[in-house]
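Below, each chain spelled out in residue letters.
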Amino acid sequence: MSEYLQKYNDIMKKYYRGEFGGTHLTMHDILYRAEEPDLFDKMSLDDLQYLIENTSGIHKQMFSYLKSKKEQEVQEL
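Note that the structure is a prediction, hence the values are computed from the model and not measured.

A. Structural detail: the packing of aromatic side chains. Counted according to the given criterion, the structure contains 4 aromatic pairs. Considering the side-chain rings of Phe40 and Phe63, the 5.5 Å spacing of their centres and the 75 degrees angle between planes classify their relative orientation as edge-to-face. Within this pair, whereas Phe40 is found in helix H3 (residues 39-42), its partner Phe63 is found in helix H5 (residues 57-76), the two being separated by 23 residues in sequence. An aromatic cluster is present here, built from Tyr8, Phe40 and Phe63 joined pairwise through their rings.

Below, the structure written as structure tokens:
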């Protein structure tokens, strides 16, 4: 598992334990409070694919969008 996937998993564990407060937060807010606001930008296409394959629902859609965006950026270079 990559360093960034491990960071993501650690951050989400903290969120579910309530370490960022007791209210529902957006992913943006979670990453901001964890002081990793650009974590997804640092992830590779393989990292994002792993998240797509291992999540469901709205998170799966979000990771698919992020992967498509990153693929477009790579093609433009």
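B. Structural context of the packing of helix H1 (residues 3-16) against helix H4 (residues 45-53). Where H1 contacts H4, the axes come no closer than 9 Å and their chain directions differ by 40 degrees. Viewed along their axes, H1 and H4 adopt a mutual orientation that is oblique. Two secondary-structure elements touch here, H1 through Tyr4, Leu5 and Tyr8 and H4 through Asp47, Tyr50 and Leu51.

C. Local environment of the pattern of salt bridges. Taken as a whole and assessed by the stated rule, the structure comprises 6 salt bridges. Between Lys7 and Glu3 there is a salt bridge, and its shortest N-O distance comes to 3.8 Å. Here Glu3 and Lys7 lie together in helix H1, a separation of 4 residues that amounts to about one turn. Of the residues examined, Lys7 reaches a relative accessible area of 27% and is grouped as partly exposed. Because the salt bridges share partners, they merge into one network encompassing Glu3, Lys7, Glu36, Asp38 and Lys42.

D. Structural detail: the environment of Phe40. On the basis of relative accessible area, Phe40 is assigned to the buried category, the value being 11%. Separated by 15 residues in sequence, Phe40 and Thr55 have C-alpha atoms that sit 15 Å apart. If we skip the residues at most four places from it in the chain, Phe40 touches Tyr8, Met27, Leu31, Leu51, Met62, Phe63, Leu66 and Lys70.

What counts and how
- Residues numbered from 1 in each chain as written.
- Predicted model: local features only at pLDDT ≥ 70, side-chain atom pairs only at ≥ 80, totals over all residues.
- Heavy atoms only, no water.
- Phe/Tyr/Trp six-rings, centres within 6.5 Å; stacked < 30°, edge-to-face > 60°.
- Helix = DSSP H or I, 4+ residues; strand = E, 2+ residues; numbered from the N terminus.
- Axes fitted to C-alpha atoms, helices over the stretch in contact; angles between N-to-C directions.
- Parallel < 35°, antiparallel > 145°, perpendicular 65-115°, else oblique.
- Contact = heavy atoms within 4.5 Å.
- Salt bridge = Lys/Arg side-chain N within 4 Å of Asp/Glu carboxyl O.
- Buried < 20%, exposed > 50% of the residue type's maximum accessible area, 1.4 Å probe, protein only.

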